[in-house]
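Observations on the model geometry
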Amino acid sequence: MVSTEAAISWVLKAGAILSALLICLGFFIGLNIVWLGVLLLILTPFMRVVIAGFCFLSQRDMLFFIIALYVILILVIGSLLKF
Amino acid sequence: MEPLMLIFILVFGVFAGGFGSMLGLGGGVFMMPFFILVLNIPAHQAVALSLLGVIASSNLAGSIYIRDRISNLKLAMVLETCTVTGGVLGVFIALAMPVNFVKILLGLVLIYASFMMIKGSRSEEILVQREGRLALSGEYYDDVEGRAVKYSAIRVKVGLFASMFAGAISGIVGVGGGVILMPIMKLVMKVPMKACAATNNFMVGVTAAASTIIYFNNGVVDLYMAIPTVLGIMIGAYVGTRLMVRTESALLRGLLGIVLSFSGILLLLRAGGILVW
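The subject of this paragraph is the overall build of chain A. Looking only at helices and strands, one finds three helices and zero strands in chain A. Start at the N end of chain A and walk to the C end: the helices and strands fall as α-α-α. Radius of gyration (C-alpha) of chain A: 15 Å, far over the 12 Å computed for a compact globule of 83 residues. Seen along its three principal axes, the alpha-carbon backbone of chain A occupies a region of about 45 × 35 × 10 Å. In chain A, buried positions account for 39% of the 83 residues. The contacts in chain A between residues at least 6 apart in sequence include a share of 39% that link residues at least 24 apart.

If you want it as structure tokens, here you go:
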């Protein structure tokens, strides 16, 4: 069983490296790859909240599961807003 | 845009990411005045780019601090409920206000940050212990002192209020999630300095992401300029975190503090129409 902290650390590291690679590649290939890299960069912190939520749920820590759900809800609302 | 400009941004990003992570302020405090005063980039666009840099360095530093359990995950999650809410609200406040509002607020935040930086943080730490479900206790191993440090965060309500404010400021001016929250966490919530800095580094990414996703979906992020900004700050933050230069150096803090207050004053003068270029 991997600890919550280790899982989050892994997600953040993978997101950081992958997004940097895509953004770097995009410089040579095209802006649509840069777009993908920037999107991945922004979604990485989202992913670590989702992972934390799952971990809290599996530990039956309902209070912190709800806290994670609220953060995810706000992030989803934010990503749907248009101006 | 010419390649020279991209290299210029990349080099400055390395500098901003490096010093930002060493001082625990994040690269944004240096990127924002650079974008607005030197490159003359429109304010909202500069904010979106700076926030991308904040996310990039937080992903990197956060992965290290959470692995080493110096970041307090539960404390971070509780405060994040308010920082992300503030982060979303901040974007809409920024859009509703005239552009000069962003510059004035940024100027004030920079001057505040420079004061915090020059003053340093040498006040005595009093650690509190609490029990209970929402005690938000933490424990980390301090390798300088060679012992485990145990603590509990207190006055969580004040912390939540400050988090909302910090999130909004960060969404409006692209800086400051950490600058505003750090002193509150340390002085009011009684979280020890090392845990404070690590938890903040971990939190600012999600706070900035809440604002950035809105700017990104509405086409405010300039992808071309995002390349050197993100890569530069990541290189700088990586080197800065690795070097672990504990910037007790009063001279460095002082010099960078002066640079920050000087840019803050320039921003205020320009927003007031006293300086034009």
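Now for the overall build of chain B. Of the regular secondary structure elements, chain B holds ten helices and two strands. Its C-alpha atoms give chain B a radius of gyration of 18 Å, near enough to 19 Å, the size a compact globule of 277 residues would have. Projected onto its principal axes, the C-alpha coordinates of chain B cover approximately 55 × 35 × 30 Å. Within chain B, buried positions represent 55% of all 277 residues. Taking all contacts inside chain B whose residues are at least 6 apart in sequence as the whole, residues at least 24 apart take part in 81%.

Between chain A and chain B, the contact holds 39 residues from the first and 39 residues from the second. Counting only elements with at least two residues in the side of chain A that touches chain B, the list comes to α1 (4-29), α2 (31-58) and α3 (62-80) of chain A. Among the elements that take part in the side of chain A that touches chain B, α1(A) stands out by supplying 14 residues, more than any other. The class makeup of the residues in the side of chain A that touches chain B is 29 nonpolar, seven polar and three charged.

The tendency in soluble globular proteins is for nonpolar side chains to be buried as a group. One finds L52(B), V173(B) and V230(B) to be the most contacted residues of the largest nonpolar core, which totals 117 residues. Of all the elements, helix α8 (residues 193-217) of chain B adds the most residues to this core, at 15 residues. In this structure, V230(B) is in contact with I23(A), L41(A), L52(B), G53(B) and A56(B), ignoring residues within four places of it in sequence.

In a pair of packed helices, the angle between the axes and the distance between the axes together describe the arrangement. Contact geometry of α1(A) with helix α3 (residues 43-67) of chain B gives a least axis separation of 8 Å together with a crossing angle of 150 degrees. In terms of axis orientation, α1(A) runs roughly antiparallel to α3(B). In the crossing of α1(A) with α3(B), the sense of the turn from one axis to the other is left-handed. Within the contact between the two elements, α1(A) uses E5(A), A6(A), I8(A), S9(A), L12(A), K13(A), G15(A) and A16(A) and α3(B) uses A56(B), N59(B), L60(B), G62(B), S63(B), I66(B) and R67(B). For the contact of α1(A) with α3(B), the per-class residue count stands at seven nonpolar, five polar and three charged.

Another aspect to go through is the environment of G176(B). All names here are of chain B. Tracing the backbone through its elements, the reader meets G176 in the loop between α6 (156-173) and α7 (177-188). We classify G176 as buried; it has 31 C-beta atoms within 10 Å. Put simply, G176 and L75 are 101 residues apart on the chain and 19 Å apart in space, counted from C-alpha to C-alpha. Apart from residues no more than four positions distant in its own chain, G176 is found in contact with V109, A166, I169 and S170.

Once that is clear, we can look at the pairing of strand β2 (residues 147-152) of chain B. Residue and element names in this part refer to chain B. In the sheet, strand β1 (residues 137-142) pairs with β2 via six bridges, with the strands oriented antiparallel. For S137, the partnering residue across the bridge sits in β2 and is S152. Between β1 and the antiparallel strand that follows it, β2, lie four residues; G146 among them carries a positive phi value of about 70 degrees.

Here the focus is the confidence of the model for chain B. Overall, the predicted model of chain B reaches an average pLDDT of 88, with 93% of residues at or above 70. Our summary of model confidence lists the complex with pTM equal to 0.93 and ipTM equal to 0.96.

Here we come to the environment of T81(B). In this structure, T81(B) sits in helix α4 (residues 73-96). Residue classification places T81(B) among the buried residues on the basis of 20 C-beta atoms within 10 Å. In the structure, T81(B) is positioned 82 residues away from S163(B) in sequence and 8.5 Å away in space, judged by C-alpha atoms. The residues contacting T81(B), other than those within four sequence positions of it, are I67(A), Y70(A) and V71(A).

Rules used throughout
- Residues numbered from 1 in each chain as written.
- Chains lettered and ligands numbered in written order.
- Predicted model: local features only at pLDDT ≥ 70, side-chain atom pairs only at ≥ 80, totals over all residues.
- Helix = DSSP H or I, 4+ residues; strand = E, 2+ residues; numbered from the N terminus.
- Rg over C-alpha atoms; globule rule 2.2 N^0.38 Å.
- Buried ≥ 20, exposed ≤ 12 C-beta atoms within 10 Å, placed from the backbone.
- Contact = placed C-beta atoms within 7 Å.
- Nonpolar A, V, L, I, M, F, W, Y, C, P; charged D, E, K, R; others polar.
- Core = buried A, V, L, I, M, F, W, Y, C linked by C-beta atoms within 7 Å.
- Axes fitted to C-alpha atoms, helices over the stretch in contact; angles between N-to-C directions.
- Parallel < 35°, antiparallel > 145°, perpendicular 65-115°, else oblique.
- Left-handed = near helix turned anticlockwise from the far one by under 90°.
- Pairing = 2+ DSSP bridges.
- pLDDT = per-residue confidence, 0-100.

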